[in-house]
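Below are the chains, spelled out letter by letter.
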Amino acid sequence: MFENLLTEQINPASDGIDALPTARILEIVNAEDRQVADAVTPEVPAIARAVDAIVAAIQRGGRLFYIGAGTSGRLGVLDAAECPPTFSADAELVQGIMAGGAQALARATETTEDDPAIGAHDLRDRGFTSRDVLVGIAASGRTPYVLGAIAEARRLGAVTAGISCTPDSELARAVQIAITPLTGPEIVAGSTRMKAGTATKLVLNMISTAVFIRLGYVYGNLMVNVQPKNSKLIDRARRIVAQAAGVTYDAAGDLLAAAGNRVATAIVMAKTGANREAAEQRLTAADGRISEAL
């Protein structure tokens, strides 16, 4: 069963790698990694369909959920966790569910991935509804935990997408939108934390970033909803305001203070001359989109 999976095949490029010098080992790994981005390229149309479906769902009051086991689950949880600090998104808007729960992030508990009922249960436990979107992640495309959750989401009538690295996988057949970057055999056979994991991270980056761009959380190419909660982010926020509003760094600091440390509000205040209340009203009417608020 498993021996036929693309992700379980032996990679001829790394044959005898255990006897090679360190530098040569790393050269082989690096050469294989360079193929990953090219493997994602053919999947851009499918990724775009997923993004558009997620944006539509969020605009209707839905949320985005990732679910996976092992490396796949950890990558989904990571992407979800990075959305609030990057885009100032509500922590409930993008959620990651992992087989084994939070403790599995640091300590592998892969046995739970073999039970589809647990996947369905974990999804229901998060309050998943027909308005939400579920993205299942499984490099092999056959993880029972993920397939169980997908089946439950389909039963509820929700949109489903799947990320796998095996052609015509069970996951790809089970979802409405299949994303299948074919990264080929791993340097260490079956170690999908490597190329398959990298491809998955690239796809997740594309999904969440494009979703929030489409939702208006980015102005130009600036991270205008960043939360300035530490010295690095405060500096970044001031530079963003200075760049977007065409003011000095010091003036940007004054604007941020007047705007309650909200970057978008500071930009609208600077570009329109409005006070904080008026700027916030403009942004509310424009669903947070700076370009429309202006």
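Residues numbered from 1 in each chain as written. Predicted model: local features only at pLDDT ≥ 70, side-chain atom pairs only at ≥ 80, totals over all residues. Heavy atoms only, no water.

Caption draft 1: Looking closely at the overall build of the chain. The number of helices and strands found in the chain is 13 helices and 5 strands. In terms of overall dimensions, the chain has a C-alpha envelope of 65 × 50 × 35 Å along the principal axes. When the 294 residues of the chain are sorted by exposure, 49% land in the buried category. Accessible surface, the chain: about 13800 Å² in total, of which carbon and sulfur atoms supply 51%. With 28 positive and 32 negative side-chain charges, the chain shows a separation of 6 Å between the mean positions of the two kinds. (Helix = DSSP H or I, 4+ residues; strand = E, 2+ residues; numbered from the N terminus. Buried < 20%, exposed > 50% of the residue type's maximum accessible area, 1.4 Å probe, protein only. Areas by Shrake-Rupley, 256 points an atom, 1.4 Å probe, with all protein chains shown as cover. Lys, Arg positive; Asp, Glu negative; His and termini not counted. Charge placed at Lys NZ, Arg CZ, Asp CG, Glu CD.)

Caption draft 2: Spatial organisation of the packing of helix α4 (residues 70–87) against helix α8 (residues 195–214). Viewed as axis vectors pointing N to C, α4 and α8 meet at an angle of 30 degrees, and their least axial separation amounts to 10 Å. Taken as a pair, α4 and α8 cross one another with a handedness that is right-handed. Facing L75, G76, L78, D79, E82, C83 and F87 of α4, the residues of α8 in contact are G197, T200, K201, L204, N205, S208, T209 and F212. Taken together, the residues of the contact of α4 with α8 sort by class into 6 nonpolar, 6 polar and 3 charged. (Axes fitted to C-alpha atoms, helices over the stretch in contact; angles between N-to-C directions. Left-handed = near helix turned anticlockwise from the far one by under 90°. Contact = heavy atoms within 4.5 Å. Nonpolar A, V, L, I, M, F, W, Y, C, P; charged D, E, K, R; others polar.)

Caption draft 3: Here's a closer look at the nonpolar core. Counting 34 residues, the largest nonpolar core has Y66, V94, I163, I179, I207, V211 and F212 as the members making the most contacts within it. Taken together, the elements giving at least two residues each to this core come down to α2 (36–40), α3 (44–59), β1 (64–68), α4, β3 (133–137), β4 (159–163), β5 (177–179) and α8. With 9 residues, the single largest contributor to this core is α3. Counting residues in hydrophobic clusters, the runner-up holds 24 residues, among them L222, A252, A259 and A266. (Core = buried A, V, L, I, M, F, W, Y, C linked by side-chain atoms within 4.5 Å.)

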